[in-house]
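In case you want the letters, here they are:
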Amino acid sequence: MTSAAADLAAVADVGLLDPAWAGSRAEAATADRTFLGHLLDVEAAWVRVLARHGLATEAEAAAAAAAGDPDAYDLAALARAAQGGGTPLIPALKALRAQLPAGSRAVHLGATSQDVVDSALMVMVGRVGAILAEDLAAAQDALAELARAHRSTPMVARSLAQHSLPSTFGLRAANWLDGLGQAADRLAAAVADLPVQWGGAAGTLASLSGHVDRAHRAGTLGPEVTAFTLVEDLAAELGLAAPAGPWDTNRMAVTGVAAALADVVAACGKIANDVLTSARIENGELGEPLAAGRGGSSAMPHKQNPVLSVLIRSAALSAPGLAARVYTAAGAADDERPDGAWHAEWPALRRLLRVAGGTAALTRELVSGLRVHEDRMRRNLELTGPLLVSAPIMAELAPELDEASGEPGSGKRLIQDVVDRSLACEGNFRALLRAAVPESVPDARLDDLLDPAAYTGEAEALVDRLLEADAARRSAITRFEELRAHGGPLDGIQAWVALPRLLASAKSRIRVQVMDYAPLAWGEKGSRPFYAPIDSALRSAAARGVQVELMVANWNLKKPEVFWLKSLSLVPNVQLKVVTIPPASRGFI
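Okay, so let's go over this structure. Only a predicted model underlies this, so the values are computations on that prediction, with no experimental measurement involved.

Definitions and cut-offs
- Residues numbered from 1 in each chain as written.
- Predicted model: local features only at pLDDT ≥ 70, side-chain atom pairs only at ≥ 80, totals over all residues.
- Heavy atoms only, no water.
- Axes fitted to C-alpha atoms, helices over the stretch in contact; angles between N-to-C directions.
- Helix = DSSP H or I, 4+ residues; strand = E, 2+ residues; numbered from the N terminus.
- Left-handed = near helix turned anticlockwise from the far one by under 90°.
- Contact = heavy atoms within 4.5 Å.
- Nonpolar A, V, L, I, M, F, W, Y, C, P; charged D, E, K, R; others polar.
- Pairing = 2+ DSSP bridges.
- Patch = residues over 30% accessible without salt bridge, like charges linked within 9 Å, V, L, I, M, F, W, Y side chains within 5 Å.
- Areas by Shrake-Rupley, 256 points an atom, 1.4 Å probe, with all protein chains shown as cover.
- Salt bridge = Lys/Arg side-chain N within 4 Å of Asp/Glu carboxyl O.
- Parallel < 35°, antiparallel > 145°, perpendicular 65-115°, else oblique.
- Phe/Tyr/Trp six-rings, centres within 6.5 Å; stacked < 30°, edge-to-face > 60°.
- Buried < 20%, exposed > 50% of the residue type's maximum accessible area, 1.4 Å probe, protein only.
- Lys NZ or Arg CZ within 6 Å of the ring centre and 35° of its normal.
- Core = buried A, V, L, I, M, F, W, Y, C linked by side-chain atoms within 4.5 Å.
- Polar contact = N/O pair within 3.5 Å; in protein donor to acceptor, adjacent residues only side chain to side chain.

### Looking at the packing of helix H11 (residues 252–278) against helix H13 (residues 341–368)
Where H11 contacts H13, the axes come no closer than 9 Å and their chain directions differ by 35 degrees. Helix-helix and strand crossings are classified by hand; for H11 and H13 the assignment is left-handed. Contacts from Val254, Val257, Ala258, Leu261, Val265, Cys268, Ile271 and Val275 of H11 reach H13 at Glu345, Leu349, Leu352, Leu353, Val355, Ala356, Thr359, Ala360, Thr363, Leu366 and Val367. Of the residues contributing to the contact of H11 with H13, the split by class is 16 nonpolar, 2 polar and 1 charged.

Laid out in structure tokens, this is it:
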């Protein structure tokens, strides 16, 4: 081992004080060596693009690719040398060029360090996003199964840490699922169109444009190829989106990722908090998955600590601060290239990726093996017992007592007195209530009213609705991603879910061709509700400066469709065209 390698091993951060992500796939995907690999990949991809258009040779492209092994570089030396230029790319580029044949000039042509670092960061975010998506999907599957299995399992709901009303554990699990599903959707949207960064020294593409202009004059580059063509090709090489322009000091792509990562950790934290409370000995409703060597205490052999939830909770407490650092850096960006704010963003974003990645993996393990103790749920429900249903008893019996006594309000006062006496330990609630209400209320009816498990409201229906919503959302998004990846049409999927996400990712222009455009005009019971979110997404895109071009068939000129079209045509950045559809030879199509 070289001295530099020994020094690196001595100072390497392996997560000793961050067990929430130590050893996770997200850690590996954000390691220094991995990120260096992304930097080298971006440089090699750029030379491939240049070679494709005759601005570099195939030999130069092959040499850049061959020099792209991060193991061939001294990480410790690069990290120290980065202090001389403020970015790791400068010493990495110097080391890369040292491995290339003499006279090779294509690497980094027309680029600047921020172009390569930002693009490499986006590639890294995409890799971690894929890892997160896998863990979150597995966790959602496990939560859906818990919700189905315990749809009718009674438990006590808590409000402000106190027993409130009866509920079901299925509803709690379904609410966990809903929160995690929403967070997963936000993350998917944030990483769906991660942008390439390529603007040159001042975000004007001046250097690259100069190379392109000279190639045009020399006749070695076709006139149809511009600097933007090359940037778009680079984006395709890296699996990134091609934005309308550079975003050196417009960090919205990064803040969007940070917010989505923080949402994921928050959703996981909510689950962990509930498990921590429910795993207490005096509660005992839930237990973490058992695993050899996990949860032990160094001083108390009898303890089984809920360490998965502890680590997830620790992550939920740290993620907001990391997201705040990313936002602070974005707000502090100045001029055309930031002086320090950009640098502050890197460690915060990487740590947030690690925290979210580790948290998602831990949450997947937690909910996949969560132990549910139905007997303890029932026992805890019985601690407050019939008092939990004092509110429905009041609503059910007070009017009858008023009628029997002929004194309005007397029934409510009587039942409240029974509740107060029971809380004061003056007797059993059921016995006190039996003595207070007339014999016309039979024991069987009284017992039904006093059964907490019978007063769960619409809990079971809510479980069903949340499960259906989750299944519909995930099915639509999965189908949408498949079709989008293959360039296929969106027919036959839930467009009101998929299309707004696609429209939200638009950066410069949206072209829409539809036969019908009727947000509330027709369909079942005179409505077509799925058009409304699409219409809103189009208006929102136009409001943020995206050019919207909408082409519709002429049969939309009838009422009430025409009112929607007139309204939409008044929105700035919206261009609307109506086309005449010729009649088919066999009649109306």
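From this point, the narrative continues.
### Observations regarding the pairing of strand E6 (residues 547–553)
With 6 bridges connecting them, strand E5 (residues 509–514) and E6 associate as parallel partners. For isoleucine 510, the partnering residue across the bridge sits in E6 and is valine 548. Both E6 and strand E7 (residues 574–579) contribute to a ladder of 6 bridges, which runs parallel. Residue pairing for E7: methionine 551 is matched across the bridge by lysine 577.

### Let's talk about a nonpolar patch on the surface
Residues Val14, Leu16 and Leu17 make up a contiguous nonpolar surface patch of roughly 400 Å² in combined accessible area. Tracing the backbone shows valine 14 in the loop between helix H1 (3–11) and helix H2 (25–29).

### Quick notes on the sheet that holds E7
Taking strand neighbours across the sheet as the criterion, the 3 strands line up as E5-E6-E7 in an open arrangement whose pairing is parallel. Since the sheet does not close on itself, it has two edges, and those belong to E5 and E7, each with one partner. Strand-to-strand, the axes of this sheet are offset by a mean angle of 10 degrees, without reference to chain direction.

### Brief notes about the packing of helix H3 (residues 32–52) against helix H10 (residues 227–238)
Packed helix pairs are specified by the crossing angle of their axes together with the interaxial distance, meaning the distance between the axes. Their axes nearest at 9 Å, the elements H3 and H10 cross at an angle of 130 degrees. If you check the angle between H3 and H10, you find them oblique. Judged by the twist between their axes, the crossing of H3 over H10 is right-handed. Packed against H3, whose contacting residues are Asp41, Val42, Ala45, Trp46, Arg48, Val49, Leu50 and Arg52, the element H10 presents Leu230, Asp233, Leu234, Glu237 and Leu238 at the interface. The residue inventory of the contact of H3 with H10, partitioned by class, reads 8 nonpolar, no polar and 5 charged.

### Things to note about the packing of aromatic side chains
Going through the model one piece at a time under the given rule, you end up with 3 aromatic pairs. Both rings, one in phenylalanine 169 and one in tryptophan 176, keep their centres 5.8 Å apart while their planes meet at 85 degrees; by these two values the pair is edge-to-face. Across this residue pair, the class does not change: phenylalanine 169 and tryptophan 176 are buried. With centroids separated by 4.8 Å and ring planes inclined at 85 degrees, the aromatic side chains of tryptophan 342 and tryptophan 346 adopt a geometry described as edge-to-face. Of the two residues, tryptophan 342 and tryptophan 346 are both situated in helix H13; the distance of 4 residues between them amounts to about one turn of the helix. In this structure, arginine 354 packs its charged tip against the face of tryptophan 21, placed 4.7 Å from the ring centre.

### Details of the nonpolar core
By size, the foremost hydrophobic cluster in this structure holds 122 residues, and its most contacted members are Trp46, Phe169, Trp176, Trp198, Leu208 and Leu230. It is helix H7 (residues 113–149) that contributes the most residues to this core, 18 residues altogether. The contacts of tryptophan 198, once residues within four sequence positions are left out, are Val42, Trp46, Ala111, Asp115, Val116, Ser119, Leu205, Leu208, Val231, Leu234 and Pro246.

### Re the environment of arginine 376
Within the secondary structure, arginine 376 is located in helix H14 (residues 374–384). With 93 residues separating them along the chain, arginine 376 and asparagine 283 place their C-alpha atoms 7.4 Å apart. Not counting residues within four places of it along the chain, the set of residues in contact with arginine 376 comprises Ile281, Glu282, Asn283, Gly284 and Glu285. In terms of polar contacts, arginine 376 uses its side chain to reach the backbone carbonyl oxygen of asparagine 283, at 3.1 Å.

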